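# Chains, contacts and geometry: an overview
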Amino acid sequence: MGSQGGFGQSKEFLDLVKSIGEARSKAEEDRIVLNEIETLKRRISEPDIPKRKMKEYIIRLVYIEMLGHDASFGYIHAVKMTHDDNLVLKRTGYLAVTLFLNEDHDLIILIVNTIQKDLKSDNYLVVCAALNAVCKLINEETIPAVLPQIVELLGHSKEAVRKKAIMALHRFYQKSSSSVQHLVSNFRKRLCDNDPGVMGATLCPLFDLITIDVNSYKDLVISFVSILKQVAERRLPKSYDYHQMPAPFIQIRLLKILALLGSGDKQASENMYTVLMLLPRFLKSDSHNLKYMGIDAIGRLIKTSPEIAEQHQLAVIDCLEDPDDTLKRKTFELLYKMTKSSNVEVIVDRMIDYMISINDNHYKTEIASRCVELAEQFAPSNHWFIQTMNKVFEHAGDLVNIKVAHNLMRLIAEGFGEDDDNADSQLRSSAVESYLRIIGEPKLPSVFLQVICWVLGEYGTADGKFSASYITGKLCDVAEAYSNDETVKAYATTALMKIYAFEIAAGRKVEMLPECQSLIEELSASHSTDLQQRAYELQAVVGLDARAVEVIMPSDASCEDIEIDKNLSFLNSYVQQALDKGAQPYIPENERSGMFDISNFRNQDHHEASMHGLRFEAYELPKPSVPSRVPPVPLSLATELVPVPEPSYPRESQKVASVSSVSSTDPSELKLRLDVNGVTKVDTAGSVNSKARDTTYDSRKQQAEIPPEKQKLAASLFGGSSKTERRASTTGHKAVKASSHTMEKPQVSKTGDKTLQEKASCSTTARFA
């Protein structure tokens, strides 16, 4: 080798690369590169430089530019090298100019003639080098100079030339679509090219064209589907495989094109259904990533084709039982999308079991919200809905939205509706019994305790199974056990007031337990004004007679509308009597003597606030003090009486939703808060209609070997697809209304479409075999 290093380069060049690689700092690297720049400036200007040396200098200039330094002094030498007849030097020159220059550089004009000459070369390697430069350097103004020659190259015998010619035309289309608009048909022809590389390159310009005008390319759907099937069946050479996946980038581009062509077009979509048969390959794969893709694909297709999941039901169950947590979560998303009234119980129970087993609060919240949503929408009965909500509250804790608690309370209060008092009573009794069993468990969520206290206060003694002393004792235990939670204590106190009120209204003697009495005394001295007010209200209610208590707190009236007299007209007679006895009439604040308009106070406050800003003017000179001879004014005469507004106590955050006029009341009004917390009405749901369809996961022989437990689970999740899905409850669920949705199965025409077959004549079924 002598002074030559490896790969035909000099030892000097290899030492340069080595020294840069061993540099310990950016400053040291810059010093080495700057020294190299000075050396190249001196050597490149020498006369009669051997071509081999010049080629090395150009490569060293490329290396300098890649490191971020300026090598513009050598650009002209790279341009000159593109004119050389030697293939190696020409390709080196083209490589250098494509890296050095851009389409607006002044030196571009010097290589256009060279590109034109090289595009006509008999050596296809020279033609490919010129096409590479065309894609990078030709601008809108120079497109006409090379366009005719590139169109001729579309029919070149070498596939590499045809591929690069397609890429050049695509580049021209991106630069100036009007200049190549008349050549769009060439992309259609090259789609049928014998070489997969040319076909793959053609997909890129076709995708851009289809994005702009979908309707003009509908006839190519069959061709695209045929190509995709052949790629999936591994009919392309193995050189196109990537990680044992057949031509994945071509598949992705084809799927994107088919998505554009099939959007909103039923006929075009029907021609693509055969591609969906690829799903079992993903679901049966040993790779979790491929299974994940299969489940994700079913989840996307189920919106337009609900029966697609039933075709692969056992594969979905396998993914549901897979130890991979990510795949399991994706499968639960699929089950959420395919839930209906016939399988809601199985799916929600599975989701709750999974929610109990995970510790991720973020995902646990998501699972809980989905369980609630499905239960509200597809609940077969109110009893099942309440039991399901109890499980969600018990295991998801305070992660559940407060609106869910309101919906549950509203459902229990309204019951089945339609004058079915017996069913309503059974529902409430069942809720009371279940809550009395749960209330003793430790560390119950706050939201769940609020629901329990409300239900026990409203219906704890309604059916006579439990005495008032037993219910009040349980409520006092809750208030004591959760003494740090003011909201729970507030709910428990209001529930106690309801129990005592209902007893007094029924004419029964009220005997307050010692623990209840101590709780009231504690709350009366509480720092919370809300708890204080509730305690005082309870004491006030207990001291009233039966008739008054029945009026202010009627039994089972939580959902009834309350009429509010904003003008307090019931006090007119009392006011008139007082006036007749000589009482002074009421005078509004702004009309009282010695009072300023409220706006004056606001202006004064604004002025005082502005006085707190920084002041930059000079202080006034001090004035000599002069003793005042004005006699002091007594404090009682010098001080004006300023009205102080009455304190407004915080109201309950949950108000009666059925009262339409509460929002318009005066916020300064004071009244006993004896009403219950209102809730929003559960009014959702529906049933899903779908046509029965035979579903198969594998051959009958394989299905016979499936364990009975898995077959039973599949029947629960995917079965019951009768002509009309109806709710199991026939008692007139007031909170859940039924609705039906018709699922129309696409019908594929059995007759052959001669026109489509002719348009798809470039189908490549045997081409890539």
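In the nomenclature of an unreviewed UniProt entry, the protein chain is known as AP-4 complex subunit epsilon of Melia azedarach.

## With respect to the overall build of the protein chain
Assigned secondary structure in the protein chain consists of 35 helices and four strands. Residue burial in the protein chain is summarised as follows: out of 769 residues, 43% are buried. A separation threshold of at least 6 residues defines the contact pool for the protein chain, and within that pool the share at least 24 residues apart is 69%. Of the roughly 43,700 Å² that the protein chain leaves accessible, carbon and sulfur atoms contribute 52%.

## Thoughts on the packing of helix H20 (residues 361-378) against helix H21 (residues 382-396)
Packed helices, taken two at a time, are described by the angle between their axes plus the distance between the axes. Contact geometry of H20 with H21 gives a least axis separation of 10 Å together with a crossing angle of 170°. The pairing of H20 with H21 is recorded here as roughly antiparallel in orientation. Between H20 and H21, the residues in contact are Lys 364, Ala 368, Cys 371, Val 372, Ala 375 and Glu 376 and Trp 384, Phe 385, Thr 388, Met 389, Val 392, His 395 and Ala 396, respectively. Split by residue class, the contact of H20 with H21 holds nine nonpolar, two polar and two charged.

## Concerning the pattern of salt bridges
A full pass over the atoms with the stated rule returns 28 salt bridges. Here Arg 43 makes a salt bridge to Glu 12, at a shortest N to O gap of 2.8 Å. Linking Arg 43 in helix H2 (residues 26-44) with Glu 12 in helix H1 (residues 11-21), this pair joins segments that are 31 residues apart in sequence. By relative accessible area, which is 33% here, Glu 12 ends up partly exposed. Two residues, Glu 103 and Lys 175, come together in a salt bridge whose shortest N-O distance is 2.6 Å. Taken together, the residues span a long stretch of sequence, with Glu 103 in the loop between helix H5 (87-100) and helix H6 (109-119) and Lys 175 in helix H9 (residues 159-175) at a distance of 72 residues. Residue Lys 175 is classed as partly exposed on the basis of its relative accessible area of 27%.

## Observations regarding the nonpolar core
If you look at the biggest cluster of nonpolar residues, it comprises 103 residues, and the most contacted ones within it are Phe 393, Leu 408 and Tyr 435. The element best represented in this core is helix H26 (residues 486-505), accounting for 12 residues. Leave out the neighbours within four places in its chain, and Phe 393 touches Val 400, Val 404, Ala 405, Leu 408, Pro 445, Val 447 and Phe 448. Listed in part, the 85 residues of the second largest apolar core include Ile 44, Val 146, Val 180 and Met 272.

## Some details on the packing of aromatic side chains
Within this structure, the stated rule accounts for nine aromatic pairs. Ring centres of Tyr 75 and Phe 100 lie 4.8 Å apart, and the angle between their planes is 20°; this geometry places the pair in the stacked category. One end of the pair, Tyr 75, is in helix H4 (residues 75-81); the other, Phe 100, is in helix H5, with 25 residues separating them in the sequence. The same class applies to Tyr 75 as to Phe 100, namely buried. Both rings, one in Tyr 435 and one in Phe 448, keep their centres 5.8 Å apart while their planes meet at 80°; by these two values the pair is edge-to-face. With Tyr 435 in helix H23 (residues 421-438) and Phe 448 in helix H24 (residues 446-459), this pair connects stretches of sequence that are 13 residues apart. Residue classification places Tyr 435 among the buried positions, given a relative accessible area of 0%. An aromatic cluster of three or more residues is present, and its members are Phe 332, Tyr 354 and Tyr 363. Here the basic side chain of Arg 253 rests over the ring of Phe 207, its NZ or CZ set 5.0 Å away from the ring centre. For Arg 329, the ring lying beneath its charged end belongs to Tyr 363, and the centroid distance is 4.0 Å.

## Looking at the environment of Glu 310
One can find Glu 310 in the loop between helix H16 (288-301) and helix H17 (313-320). For Glu 310, a relative accessible area of 8% corresponds to the buried category. Taking the C-alpha atoms as reference points, Glu 310 and Phe 718, separated by 408 residues in sequence, lie 5.9 Å from one another.

## Here we look at the packing of helix H22 (residues 402-414) against H24
Between H22 and H24, the shortest axis-to-axis distance is 10 Å and the interhelical angle comes to 20°. In terms of axis orientation, H22 runs roughly parallel to H24. The way H22 lies across H24 gives a crossing that is right-handed. Together, Ile 402, Ala 405, Leu 408, Met 409, Ile 412 and Ala 413 of H22 and Val 447, Gln 450, Val 451, Trp 454, Val 455 and Tyr 459 of H24 make up the contact between the two elements. A breakdown of the residues in the contact of H22 with H24 according to their chemical character gives 11 nonpolar, one polar and no charged.

## Some points on the environment of Lys 337
Inspection of the secondary structure puts Lys 337 in helix H18 (residues 325-337). Lys 337 sits in the partly exposed class, given a relative accessible area of 42%. Distance from Lys 337 to Gly 299, taken between C-alpha atoms, is 7.1 Å for residues 38 residues apart in sequence. Not counting residues up to four positions away in its chain, the partners in contact with Lys 337 are Gly 299 and Ile 302.

## Concerning H22
Over its 13 residues, H22 runs 19 Å from end to end, which matches the ideal 18 Å to within 8%, given 1.5 Å per residue. The buried fraction of H22 is high, at 11 of 13 residues. Buried within H22 we find Val 404, Ala 405, His 406, Asn 407, Leu 408, Met 409, Arg 410, Leu 411, Ile 412, Ala 413 and Glu 414. Where H22 is buried, its residues touch H20, H21, H23 and H24. Capping the start of H22, Asn 401 holds a side-chain oxygen 3.0 Å from the backbone nitrogen of Lys 403, two or three residues further along. One or two residues past the end of H22 sits Gly 415, with phi positive at roughly 70°.

Scoring rules and cut-offs
Residues numbered from 1 in each chain as written. Predicted model: local features only at pLDDT ≥ 70, side-chain atom pairs only at ≥ 80, totals over all residues. Heavy atoms only, no water. Helix = DSSP H or I, 4+ residues; strand = E, 2+ residues; numbered from the N terminus. Buried < 20%, exposed > 50% of the residue type's maximum accessible area, 1.4 Å probe, protein only. Contact = heavy atoms within 4.5 Å. Areas by Shrake-Rupley, 256 points an atom, 1.4 Å probe, with all protein chains shown as cover. Axes fitted to C-alpha atoms, helices over the stretch in contact; angles between N-to-C directions. Parallel < 35°, antiparallel > 145°, perpendicular 65-115°, else oblique. Nonpolar A, V, L, I, M, F, W, Y, C, P; charged D, E, K, R; others polar. Salt bridge = Lys/Arg side-chain N within 4 Å of Asp/Glu carboxyl O. Core = buried A, V, L, I, M, F, W, Y, C linked by side-chain atoms within 4.5 Å. Phe/Tyr/Trp six-rings, centres within 6.5 Å; stacked < 30°, edge-to-face > 60°. Lys NZ or Arg CZ within 6 Å of the ring centre and 35° of its normal. Left-handed = near helix turned anticlockwise from the far one by under 90°. Expected span 1.5 Å × (residues − 1). Polar contact = N/O pair within 3.5 Å; in protein donor to acceptor, adjacent residues only side chain to side chain.

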